[in-house]
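Okay, here's what each chain looks like letter by letter:
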Amino acid sequence: MRLDRATWVLASVSAVWGASYTVTGWGLRELDVVTFNAIRFAAAAPLLLVLALAVEGRPAIARRWWPRLALSAGIGIVAYQLAFSAAVALTTVTESAMLIALSPFWTALLARLTGEPVRSAVLTAACVAMAGVALVVLGRGAGHSAPDRALGDLAALLASALWGAYPVVTRPLLADHSPLRVTAWTSAIGAALLLPAAAAPALPDGLPRLSGTTVVSLAFSVLGVTVYGLVAWYWGVRRVGSAQTMVFMFAVPVAAAVFAVVSDTEGVTGLQIAGAVLVLAALIYSQHNPQILDTGVGNDGHHDLDHAGTGDTHR
């Protein structure tokens, strides 16, 4: 069933993005926030554009869509990624992940304001997950440390608002263009905006000075978080709508906490485990009443994750 496929794909993205909180932190030990993201999108954009060219043959986007494309890139690629990276650098993995996971509330609000249906099960699940978020944040162990937790928490809250707005702003693009095409062009715009502000290590002659850990961090961010994660996430927005896709953000902090514990980055407390259980329960409940789940633009006949066509080719 299509719902089952969407659930598994979005769950896998949640796992990858959860791990990224720790893995991104490795790279930020050596690179500043702007430079890290400049290298990331400068590497991801050509890969995505070549892939779009190979799969679709014509990765162009009509001129009338460029203002929205630029807005999408500004919110989701530049502003959100900088806020996210700042949160990871300044506060704990678990805390930043949980605060950013509040983004579905912003999505539900903006989706309602823009006329997109939001099911009551999604809103109920968001409220339950909010309680889980609170338990994880309040239950952090005394041994957790961060250089500037208050500023990091503020950056995480800003990131949650930006990420909540991102799918609502981007969704109209997906009616006429594939997720791969949209991701490729937003990444290219993001790279163009970030590179001028990047520090010297972003230049080719500075790359050999990067440690192996930083290279692994960048590679994971390029291939896993960006190339796979963003394309699959856009596909989810297209298939099941903004609000339903964003519910999977509540699984990201659980994955982040698990990865942090496994990698011996942070510990975990009983309250945090209870919060994680609430988050997962909310995610399961959000799948209630699946016959009206699909509020996305998937009804245009594009049913496959790797489908090459776009809506405008059939008009």
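Residues numbered from 1 in each chain as written. Predicted model: local features only at pLDDT ≥ 70, side-chain atom pairs only at ≥ 80, totals over all residues. Heavy atoms only, no water.

Draft legend 1. Here's a closer look at the overall build of the chain. Across its full length, the chain holds 12 helices and 0 strands. Mapped in sequence order, the helices and strands of the chain form the string α-α-α-α-α-α-α-α-α-α-α-α. Considering the chain as a whole, with its 315 residues, one finds that 56% of them fall into the buried category. Long-range pairs, those at least 24 residues apart, make up 91% of the contacts in the chain between residues at least 6 apart in sequence. (Helix = DSSP H or I, 4+ residues; strand = E, 2+ residues; numbered from the N terminus. Buried < 20%, exposed > 50% of the residue type's maximum accessible area, 1.4 Å probe, protein only. Contact = heavy atoms within 4.5 Å.)

Draft legend 2. Fine view of the packing of helix 3 (residues 66-90) against helix 7 (residues 149-170). Viewed as axis vectors pointing N to C, helix 3 and helix 7 meet at an angle of 155 degrees, and their least axial separation amounts to 8 Å. For the element pair helix 3 / helix 7, the angle class is roughly antiparallel. Between helix 3 and helix 7 the crossing geometry is left-handed. Of the residues belonging to the contact of helix 3 with helix 7, the class tally is 20 nonpolar, 4 polar and 2 charged. (Axes fitted to C-alpha atoms, helices over the stretch in contact; angles between N-to-C directions. Parallel < 35°, antiparallel > 145°, perpendicular 65-115°, else oblique. Left-handed = near helix turned anticlockwise from the far one by under 90°. Nonpolar A, V, L, I, M, F, W, Y, C, P; charged D, E, K, R; others polar.)

Draft legend 3. Local environment of helix 8 (residues 179-194). Here helix 8 spans 22 Å end to end across 16 residues, near enough to the 22 Å set by a 1.5 Å rise per residue. Counting buried residues along helix 8, 12 of its 16 residues qualify, which places the element largely inside the surrounding structure. Residues of helix 8 that are buried: Pro179, Leu180, Arg181, Val182, Thr183, Ala184, Thr186, Ser187, Ile189, Gly190, Ala191 and Leu194. (Expected span 1.5 Å × (residues − 1).)

Draft legend 4. Representation of a nonpolar patch on the surface in the model. Where nonpolar side chains cluster on the molecular surface, the patch consists of Val261, Val268, Ile273 and Val277 and spans about 320 Å² of accessible area. Mapped onto the elements of the fold, Val277 is located in helix 12 (residues 270-285). Taking the relative accessible area as the measure of exposure, Val277 reaches 52% and is therefore exposed. (Patch = residues over 30% accessible without salt bridge, like charges linked within 9 Å, V, L, I, M, F, W, Y side chains within 5 Å. Areas by Shrake-Rupley, 256 points an atom, 1.4 Å probe, with all protein chains shown as cover. Salt bridge = Lys/Arg side-chain N within 4 Å of Asp/Glu carboxyl O.)

Draft legend 5. Up close: the pattern of salt bridges. Here the structure, examined in full by the defined rule, presents 2 salt bridges. Where Asp176 meets Arg64, a salt bridge forms, and the shortest distance between an N and an O atom there is 3.0 Å. Of this pair, Asp176 sits in the loop between helix 7 and helix 8 while Arg64 sits in the loop between helix 2 (33-56) and helix 3, and the two are 112 residues apart along the sequence. Among the residues examined, Asp176 registers a relative accessible area of 4% and is labelled buried. For Arg64, a relative accessible area of 61% gives the class exposed.

Draft legend 6. Geometry of helix 11 (residues 251-262). Taking 1.5 Å of rise per residue, 12 residues should cover 16 Å, and helix 11 covers 17 Å from first to last C-alpha, within 8% of that figure. Those residues of helix 11 lying buried are Ala251, Val252, Pro253, Val254, Ala255, Ala256, Ala257 and Ala260.

Draft legend 7. Representation of the packing of aromatic side chains in the model. Scanning the entire structure with this criterion turns up 9 aromatic pairs. An aromatic cluster is defined as three or more aromatic residues linked by ring pairs; in this entry it consists of Trp17, Tyr21, Tyr80, Phe84, Trp163, Tyr166, Trp233 and Tyr234. (Phe/Tyr/Trp six-rings, centres within 6.5 Å; stacked < 30°, edge-to-face > 60°.)

Draft legend 8. Spatial organisation of empty space enclosed by the protein. By the definition in use, this model includes 4 cavities of 30 Å³ or more. Considering only enclosed or pocket space, the largest cavity measures out at about 130 Å³ in volume. Of all elements in the fold, only helix 1 (2-27), helix 3 and helix 9 (212-240) reach the threshold of two or more residues within the lining of the largest cavity. Class assignment of the residues belonging to the lining of the largest cavity gives a composition of 9 nonpolar, 2 polar and 1 charged. (1 Å grid on protein atoms, 1.4 Å probe; cavity = no way out; pocket = protein on both sides within 12 Å on 5 of 7 lines; lining within 4 Å. Points joined across faces, edges and corners; volume = space filled by probe spheres on them.)

Draft legend 9. Representation of the environment of Ala256 within the structure. The residue Ala256 is located in helix 11 in this model. Judged by relative accessible area, which is 0%, Ala256 ranks as buried. Taking C-alpha positions, Ala256 is 7.6 Å from Trp17, a pair spaced 239 residues apart along the chain. Once residues within four sequence positions are removed from consideration, Ala256 is found in contact with Gly18, Tyr21, Val93 and Ala97.

Draft legend 10. Representation of the side chain of Asn37 within the structure. Within the secondary structure layout, Asn37 lies in helix 2. Ignoring sequence-local partners within four residues, the contact set of Asn37 consists of Gln81, Leu82, Ser85 and Leu194.

Draft legend 11. Structural context of the environment of Ala6. In this structure, Ala6 sits in helix 1. Separated by 229 residues in the primary sequence, Ala6 and Trp235 place their C-alpha atoms 8.6 Å from one another. Once residues within four sequence positions are removed from consideration, Ala6 is found in contact with Trp235 and Val240.

Draft legend 12. Structural view of the nonpolar core. Of all hydrophobic cores here, the largest spans 78 residues; its most connected members are Trp17, Tyr21, Ile100, Trp163, Trp233 and Met249. Top contributing element to this core by residue count: helix 3, with 11 residues. What Met249 contacts, discounting residues up to four positions off in sequence, is Trp17, Ile100, Ala101, Ser103, Pro104, Trp163 and Trp233. Membership of the second largest hydrophobic core comes to 8 residues, among which are Ala44, Leu48, Ala52 and Val227. (Core = buried A, V, L, I, M, F, W, Y, C linked by side-chain atoms within 4.5 Å.)

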